[in-house]
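What the coordinates show
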Amino acid sequence: MFIGHHRSGYWALHYLLLIAFVLFALFPLFWLLKVSLTPNDLLYSEGVRLWPSRATFDHYASVISHTQFPLFFRNSIIVSTTTAACSTLLAAAAGYGFSRFQFRGKYWIVGLMLVTQMFPLVMIVAPIFRLLKPLGLTNSLTGLVIVYTAFNVPFASFLMQSFFDAIPKDLEEAAMLDGANRFAAFWRIIVPLTLPGLAATLGFVFTAAWSELLFALMLNSSNAASTFPVGLLAFVSKFSVDFGQMMAAGVLALLPVCLFFVFIQRHLVQGLTAGAVKG
Amino acid sequence: MTWRRAVLAAEPYLYTLPAVLLICVVMLVPLLIGLTYAFHDVRLLDPLSGDFVGLDHFRELLADAAFWNALRNTVTWTVASVTLQFGLGLVLALLLDRVFPGRALVQLLVFLPWAIPSFLSGLNWAWLFNPVVGPLPHWLRALGLMATPENLLSDPHHALWGPIIANVWWGIPFFAITLLAALQSIPADIYEAAAIDGAGPWTRFRRITLPFLAPTMAITILLRTVWIANFADLIVIMTKGGPADSTQILASYIFTQAFQRLDFGYASAVATVLLALLLAYAAAVMALRSMLVQRR
């Protein structure tokens, strides 16, 4: 911490900059909300006003009752939740292995996981499509869960590893001396201590799965298995004049991730802290 | 006893194997198959395709003006996005590293864009640039930057800045979070000792903060550069590469070739080139880093 010579001048600038950052971060979301609440007849006449003279929930009502968004919403919830659970489970195991053991091939496994973060994912769309099609996993939520889990496991594993690294090894060794096997030690000592890490990883993967567009677009062409991003994009290209409804749907798409974010935000920063400190 | 030892030796693999298997089946095997597509004539929905064509796609690519244009745009897109995200992220991290009332709330608010799904960020910014429902064109006109309120995204000379701004908005929190974490790991007594020795704020920033942040900066910039170069979502959503290919980057070009022309062979060839360029970039950065580390 360093203390400037002109304290009050410094803090005025400090707050000014922070206000600018907060406005930049929030304004687009505020605008989304504003248009979603503006009645159609005021949309153009009050286009640049910061708040409409009359607000309405009509757009939300018609999105919920006249479109397929409730179905897309349900699909996205199923896919994202299942993906988050599966990825976190696999990543917790792998991260634990990386953190607690030196073993032959570890270097290669870590390298392999890094490679998966490097290449353009578009490259594997076609092979994955051909792989999943004969198994009946296209146009299916299960197919998406499998693909998303694989995409997210590498980063999630590194994240979990950094959480495990932060827990002293002595803790589980003490438990093992007391007669617990390693798995029991893992379950009863380590898992409770890594709950913030698990929450952060869950939230991270949930958000990633909720946002994914390209594979959802390519693998699932039927409406019945469409996720929210695909539905919204189709809606935008079909009814691109109905701004109120589009933005109401956008706000609905935001809700789950924002809720998740508010709950896990502190843990996420803490988790990336552990990861970043290791560099 | 030997049985017990075998179990102990196998234990680390039991933890890592499920993840490794899944990654191999869903990512690495398709990656290898995708690489072979670059040398084959692969068109989806065309049963006659599939022949081996050798280097034909790569020859075609050398003569493809759209490819070279996309390559130039990829550089602009990546450099501009990473520089702005990093610069603003560093400023934000430095601001948040101080203790002040309401810091937790401010942190929550400024990090929020990171939680916004990328497709929604893209749509949201496309709407903001749209003169019909968005305020930005009207503001730009009021500032005298535009003669009439028009959509930035339909101006072939400047359209790429639309997705770049959306990307910066969305990506600042990532840099801010990682840099803030690194800042908080710097021991406070170093600053105090330097202050007692008479070092001013700028000297302390340059001689203490920057060297401490350097490893984190190097690794996050490397990862983000690769990631952003591959990141097609915002462009696909906001401009679809248009107008007249002026916002097409390699990643979105691959997407267009694969999805609209269903030409997976050519798309894979472009992807192979992008992959090779990114690997070369990563290798260069790593070599530079180890050189710098050795010199220290």
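Please refer to the structure placed before this passage.
Now for a quick tour of the structure. (Residues numbered from 1 in each chain as written. Chains lettered and ligands numbered in written order. Predicted model: local features only at pLDDT ≥ 70, side-chain atom pairs only at ≥ 80, totals over all residues.)

Across its full length, chain B carries twelve helices and zero strands. Counting helices and strands in the order they occur from the N terminus, chain B gives α-α-α-α-α-α-α-α-α-α-α-α. Taking 2.2 N^0.38 as the reference for a compact globule, 296 residues should give roughly 19 Å; the C-alpha atoms of chain B span a radius of gyration of 24 Å, well beyond that estimate. Its C-alpha atoms give chain B principal-axis dimensions of about 80 × 75 × 35 Å. Counting over 296 residues, chain B shows a buried share of 44%. Of the contacts formed within chain B by residues at least 6 apart in sequence, a portion of 66% connects residues at least 24 apart. (Helix = DSSP H or I, 4+ residues; strand = E, 2+ residues; numbered from the N terminus. Rg over C-alpha atoms; globule rule 2.2 N^0.38 Å. Buried ≥ 20, exposed ≤ 12 C-beta atoms within 10 Å, placed from the backbone. Contact = placed C-beta atoms within 7 Å.)

Below, the discussion takes up helix H4 (residues 106-116) of chain A. Here H4(A) has its buried residues at Ile109(A), Met113(A) and Thr116(A). The buried residues of H4(A) occupy one face: seen down the axis, they fall within an arc of 55°. Exposed residues lying more than 90 degrees from the buried face of H4(A) are Tyr107(A), Trp108(A) and Gly111(A). On its buried side, H4(A) packs onto helix H6 (141-165) of chain A together with helix H1 (2-37) of chain B. (Arc of directions from axis to C-beta.)

Residues and elements named next belong to chain A. Its location among the elements puts Val-191 in helix H8 (residues 182-193). Residue classification places Val-191 among the partly exposed positions, given that 14 C-beta atoms sit within 10 Å. Between the C-alpha atom of Val-191 and that of Gln-102, which follows or precedes it by 89 residues, the distance is 21 Å.

Our next topic: the interface of chain B and chain A. Contacts between the two partners involve 76 residues from chain B and, on the opposite side, 73 residues from chain A. The greatest single-element share of the side of chain B that touches chain A, amounting to 16 residues, is contributed by H1(B). Its residues assigned to classes, the side of chain B that touches chain A shows 62 nonpolar, eleven polar and three charged. (Nonpolar A, V, L, I, M, F, W, Y, C, P; charged D, E, K, R; others polar.)

We now examine the nonpolar core. In this structure, Val122(A), Val147(A), Ala176(B), Ala251(B), Ile254(B) and Val270(B) are the most contacted members of the largest nonpolar core, which totals 163 residues. When residues of this core are assigned to domains, at least three fall in each of domain 1 (1-56) and domain 2 (60-278) of chain A. When residues no more than four places from it in sequence are discounted, the contact partners of Val122(A) are Leu214(A), Ala232(B), Ala251(B), Ile254(B), Phe255(B), Ala258(B) and Ala271(B). (Core = buried A, V, L, I, M, F, W, Y, C linked by C-beta atoms within 7 Å. Domains from an automatic or database assignment.)

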